[in-house]
Amino acid sequence: MLPESFLHFVWRFQYFNTSALKLISGDQLDIIKTGHLNHLAGPDFKEAQINIQGIQWHGSIEIHVKSSDWYAHKHQDDHNYDNVILHVVWENDKHTRNGEGNLIPTLELKGLVKPMVLERYQALLNNGDSVPCARHLNSTKSITRLSMLEKALVERVEEKAKSFNTILEENSQDWEESAYHWLSKGFGFKTNADNMLRLAQSIPLKVLTKHSNQLFQIEALLFGQAGFLDVDVADEYAYQLQKEYRFLKTKYQLKQKVGYNEWHFSKVRPANYPTIRIAQLAALVITYPHIFAFFSGIENRKEAIDKLDVLQSDYWSTHYAIDKKLGKRLGGLSKKSKENIIVNTAIPFLAALAKYKDDNAYLDKALNLLSSMKAESNHITELWKTLGWNVSSAFDSQGLIQLHNAYCMPKKCIECNIGISLVRNPIA
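Residues numbered from 1 in each chain as written. Predicted model: local features only at pLDDT ≥ 70, side-chain atom pairs only at ≥ 80, totals over all residues. Heavy atoms only, no water.

Enquirer: Before we move on, can you summarise the overall build of the protein chain with the specific residues and values?
Expert: The secondary structure content of the protein chain amounts to 18 helices and 9 strands. Against the globule reference of 22 Å for 428 residues, the protein chain gives a C-alpha radius of gyration of 28 Å, more extended than a compact globule. Projected onto its principal axes, the C-alpha positions of the protein chain cover 90 × 50 × 35 Å. The buried share of the protein chain, taken over its 428 residues, is 51%. Within the protein chain, residue pairs in contact and separated by at least 24 positions form 61% of the contacts whose partners lie at least 6 positions apart. Entry remark: accessible area of the protein chain is about 20700 Å², with carbon and sulfur atoms responsible for 49%. Here the protein chain holds 50 positive side-chain charges and 47 negative ones, and the gap between their average locations is 5 Å. (Helix = DSSP H or I, 4+ residues; strand = E, 2+ residues; numbered from the N terminus. Rg over C-alpha atoms; globule rule 2.2 N^0.38 Å. Buried < 20%, exposed > 50% of the residue type's maximum accessible area, 1.4 Å probe, protein only. Contact = heavy atoms within 4.5 Å. Areas by Shrake-Rupley, 256 points an atom, 1.4 Å probe, with all protein chains shown as cover. Lys, Arg positive; Asp, Glu negative; His and termini not counted. Charge placed at Lys NZ, Arg CZ, Asp CG, Glu CD.)

Enquirer: Run through empty space enclosed by the protein, naming residues and quoting values.
Expert: What the rule picks out here adds up to 2 cavities of 30 Å³ or more. Within this model, the largest cavity holds a volume of roughly 90 Å³. Lining the largest cavity we find Leu124, Pro132, Cys133, Trp384, Leu403, Tyr407, Cys408, Lys412, Cys413, Cys416, Ile418 and Gly419. Looking at the lining of the largest cavity, the elements with two or more residues in it are helix 17 (394-408) and helix 18 (417-424). (1 Å grid on protein atoms, 1.4 Å probe; cavity = no way out; pocket = protein on both sides within 12 Å on 5 of 7 lines; lining within 4 Å. Points joined across faces, edges and corners; volume = space filled by probe spheres on them.)

Enquirer: Describe helix 4 (residues 142-170), with residues and values.
Expert: For helix 4, built from 29 residues, the straight-helix expectation of 42 Å at 1.5 Å per residue is met to within 8% by its first-to-last C-alpha distance of 43 Å. Residue Ser172 follows helix 4 closely and has a positive phi angle near 55 degrees. (Expected span 1.5 Å × (residues − 1).)

Enquirer: Describe a negative patch on the surface, with residues and values.
Expert: The grouping of Glu150, Asp358, Asp359 and Asp364 at the surface amounts to a negative patch. Looking at the secondary structure, you find Asp359 in the loop between helix 14 (335-357) and helix 15 (360-371). Overall, Asp359 belongs to the partly exposed group, its relative accessible area being 30%. (Patch = residues over 30% accessible without salt bridge, like charges linked within 9 Å, V, L, I, M, F, W, Y side chains within 5 Å. Salt bridge = Lys/Arg side-chain N within 4 Å of Asp/Glu carboxyl O.)

Enquirer: Got a sec to walk through the packing of helix 4 against helix 14? Specific residues and values, please.
Expert: The contact between helix 4 and helix 14 brings their axes to 8 Å, and the two run at 85 degrees. Judged by the inter-axis angle, helix 4 sits roughly perpendicular to helix 14. Contacts between helix 4 and helix 14 pair Val157, Lys160, Ala161, Phe164 and Asn165 from the former with Val343, Asn344, Ile347, Pro348, Phe349, Ala351 and Ala352 from the latter. By residue class, the composition of the contact of helix 4 with helix 14 is 9 nonpolar, 2 polar and 1 charged. (Axes fitted to C-alpha atoms, helices over the stretch in contact; angles between N-to-C directions. Parallel < 35°, antiparallel > 145°, perpendicular 65-115°, else oblique. Nonpolar A, V, L, I, M, F, W, Y, C, P; charged D, E, K, R; others polar.)

Enquirer: Quick one: what's the story with helix 9 (residues 236-252), residue by residue and with numbers?
Expert: Between its first and last C-alpha, helix 9 extends 24 Å over 17 residues, near the 24 Å set by a 1.5 Å rise per residue. Along helix 9, the residues classified as buried are Ala238, Leu241, Gln242, Glu244, Tyr245, Leu248 and Tyr252. Its buried side turned inward, helix 9 meets helix 7 (205-209), helix 8 (215-225) and helix 13 (314-318). Two residues or fewer past helix 9, Gln253 is found with a positive phi of approximately 55 degrees.

Enquirer: Describe the environment of Lys257, and please don't skip the residues or the numbers.
Expert: Following the sequence through the fold, Lys257 ends up in the loop between helix 9 and helix 10 (274-287). Separated by 99 residues in the primary sequence, Lys257 and Glu158 have C-alpha atoms spaced 29 Å apart. Discounting chain neighbours no more than four positions away, the residues touching Lys257 are Arg198, Gln201, Ser202, Gln225 and Glu262.

Enquirer: Which residues make up the packing of aromatic side chains, and what are the values?
Expert: Scanning the model with the defined rule gives 28 aromatic pairs in all. Both rings, one in Phe164 and one in Trp182, keep their centres 5.8 Å apart while their planes meet at 75 degrees; by these two values the pair is edge-to-face. Highlighted residues: Phe164 in helix 4 and Trp182 in helix 5 (residues 175-187), separated in sequence by 18 residues. The class of Trp182 is buried, set by a relative accessible area of 6%. A centroid spacing of 5.4 Å and a plane angle of 75 degrees characterise the contact between Trp384 and Trp389, whose relative ring orientation is edge-to-face. Owing to a relative accessible area of 8%, Trp389 belongs among the buried residues under this scheme. One aromatic cluster is present, formed by Phe216, Phe223, Phe228, Tyr237, Tyr260, Trp263, Phe265, Tyr273, Tyr315, Trp316 and Tyr320 through successive ring pairs. Over the face of the ring belonging to Tyr71 we find Lys94, whose NZ or CZ atom lies 4.8 Å from the ring centre. (Phe/Tyr/Trp six-rings, centres within 6.5 Å; stacked < 30°, edge-to-face > 60°. Lys NZ or Arg CZ within 6 Å of the ring centre and 35° of its normal.)

Enquirer: Would you mind going over the layout of surface pockets in detail, with residue names and values included?
Expert: Volume-wise, the largest pocket comes out at about 1200 Å³. Phe189, Lys190, Lys336, Asn340 and Asn344 are, among the 33 residues lining the largest pocket, the residues nearest its centre. Looking at the lining of the largest pocket, the elements that each hand over two or more residues are helix 4, helix 5, helix 6 (189-202), helix 14 and helix 17. The residue makeup of the lining of the largest pocket, split by class, is 9 nonpolar, 12 polar and 12 charged. Taken as a whole, the second largest pocket encloses approximately 660 Å³ of empty space. Lining the second largest pocket we find 20 residues, and of these Arg12, Leu37, His39, Lys151 and Glu415 sit closest to its centre. Counting only elements with at least two residues in the lining of the second largest pocket, the list comes to helix 1 (4-13), helix 4 and helix 18.

As structure tokens, this is what we get:
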């Protein structure tokens, strides 16, 4: 069965026999304007213009694989579809009526689509390659590939930004508090991200900033709320942390959200232990108490790296847990960790801010950051390299990961600029 997106493509570019068109009713149809693709709720194409038996109609076009999908999607009960002037379907299996009970003019495309277009499309989908266009990729124009790379990259960045937007909604659009929660989640990396977020949610930023010149008190609050002080201790520093936390917990009426046993230590290097990450977060919060400005003020990669160049307290440079010493002294965040936070935390934040303020300068800043950073190396980027795609920066690797996962794997070739160009033009 053909996907609806293919029919969108066929309608948009008129890749079917448009001479002497007849509706299923037998009435003559002339297409004056196909309309523009609607990415929001409602009919597929807006502001179309057609002529039926000499009478002009202005309105929307709805497209389905089968005409009965009109009822399956309950469009007859949705007033957004009251102005549909033409129902375009691959197969007409049922007469369709609008909310007022009137028959909707219907055009069936089966038998009208240009054979070569359909053959080229099916050849892409059925060739068995993990990247459907692999055999013809180098025959497409570089501008087509680059435009699709940027499209995929922006999609990936905006998808990651949706996670921040969820946090923003939970915080009633409080950007400062949300930035703090988002940063904390980033410091958990993959292994402890959710726990770090819950930890931040249990201590309002305004509580931490009341102690913005006392790293010891911030550590007491964070480690106490994380459950790491719920143990018997032997050394003096840990004892003082416990004592300070008990006082502050009562003062601010804090409730724990994370238990000691919920943190993940297995298969994690000491430098990435949650205890070390919490200590580094404490050091960053005391250095940059205004987390919103920390993110929004980033101008380039060097500045972002420098901002993340914070060192945890002396105790947590020599211990990996309460009362447990390290064999050698730990430094601050590694270069790889800093780049991870920039890509997965700072850049999605900037993308969310760009959308919120309707200011693409923040999105441009995010994309420029990616362009200046080293590309990831994984099985997906290696696959693209074997196909001759130059992967020289995180801009390339992030975009190609999205292209592979969102378009190639589900074979959404007809939604990809590269696939569209191969379907529209003969494949060598």
